[in-house]
Amino acid sequence: MPGRHEGKVAFITGAARGQGRSHAVRLAEEGADIIAVDICKQIDSVPIPMSTPEDLQETVEQVERLGRRIYAVEADVRDLDALTAAADEGVSRFGRLDIVIANAGLAASGDAVEKMDPNHWKDSVDVNLTGVWHTARATVQHVIDGGRGGSVVLTSSVGGLKAHPFIANYVSTKHGIVGLMRTMAVELAPHSIRVNSVHPTQVNTPMLINDMTFRMFRPDLENPTAEDMAPISQMMNSLPVPWVEAVDISNAIVFLTSEEGRYITGVTLPIDAGALLK
């Protein structure tokens, strides 16, 4: 039986690991070919290890094992020219573009507003917000030109719909994504292109499961682990889970970008285990 995205092409940023890889694999399972973009190197202000070329290659192999085509590019979402070249080449290879997933982003880390490192603020804005606009700028015209409609999903966070202390850089960018999404939804509706945002709670990916986050959640311990962090993380959700899995976000994206979601646009969709109820 054909998948829900048989014959379509999806452009995904942050595709080397975590949620981005999961989105690429799930959309490939549903029949889509993939244009996968990731920086695959470290940004100086980021205190956790970022993706590598080997991570991106693993995404390639997982998609190809499903019998789908993939064009993978190491590119920084802060570089509009690089993103545009990736989109142009991907469309040249695959002949179309139907789905855009602006997923790349930096982790929720920071400090009090009056103490925050200006570089940390700038990098968060440049990647988490400007990088999302760059992704749209590089891709949306291809979807319009296809004349078939399409779907764009921007990855925000529960932090895009509520406040969290000491990560004003992250919260500000994730709120900004909502404004961008709503504007795009209005602008692109005449082209039958739908635009929505997803708002995950904590997700079991390398962006969460790392020593920096363990210490953020458990500053009372010298060497906290994921097991130490889990009870505190669970307190942020209404459902009795400390975090969700990347595939939970991917499944929501598969729905939003499919015919099943054909009349859903301008929506902020939480996949948050009830975190926004608190």
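Residues numbered from 1 in each chain as written. Predicted model: local features only at pLDDT ≥ 70, side-chain atom pairs only at ≥ 80, totals over all residues. Heavy atoms only, no water.

So, on to the domain arrangement of the protein. If you check the domain split of the protein, you get domain 1 (9-203 + 245-272) and domain 2 (209-242). If you look at the interface, domain 1 gives eight residues, while domain 2 gives eight residues. Between domain 1 and domain 2 the total buried area reaches about 610 Å² when both faces are included, carbon and sulfur atoms providing 60% of it. Taken together, the links from domain 1 to domain 2 amount to zero salt bridges. Where domain 1 packs against domain 2, one counts two residue pairs in polar contact (both at pLDDT 80 or more). Of the residues belonging to the side of domain 1 that touches domain 2, the class tally is three nonpolar, four polar and one charged. (Domains from an automatic or database assignment. Contact = heavy atoms within 4.5 Å. Buried area = accessible area lost by both parts, 1.4 Å probe. Salt bridge = Lys/Arg side-chain N within 4 Å of Asp/Glu carboxyl O. Polar contact = N/O pair within 3.5 Å; in protein donor to acceptor, adjacent residues only side chain to side chain. Nonpolar A, V, L, I, M, F, W, Y, C, P; charged D, E, K, R; others polar.)

Turning next to the pairing of strand β5 (residues 150-155). Buried residues dominate β5, accounting for six of its six residues. The alternating pattern of β5 places Gly150, Val152 and Leu154 and Ser151, Val153 and Thr155 on opposite faces, both of which are buried. Where strand β4 (residues 99-102) lies against β5, four bridges are found, and the strand directions are parallel. In the sheet register, Ala102 faces β5, and the bridge partner there is Leu154. The β-α-β motif built from β4, the intervening helix α4 (residues 118-146) and the parallel element β5 has right-handed crossover chirality. Sheet topology places β5 next to strand β6 (residues 193-200); six bridges connect them, and they run parallel. Across the sheet, the residue bridging to Thr155 is Val198, located in β6. Between the parallel pair β5 and β6, the chain is carried across by helix α5 (residues 168-188), and the sense of this crossover is right-handed. (Buried < 20%, exposed > 50% of the residue type's maximum accessible area, 1.4 Å probe, protein only. Helix = DSSP H or I, 4+ residues; strand = E, 2+ residues; numbered from the N terminus. Pairing = 2+ DSSP bridges. Right-handed = clockwise from strand over helix to strand, strands pointing away.)

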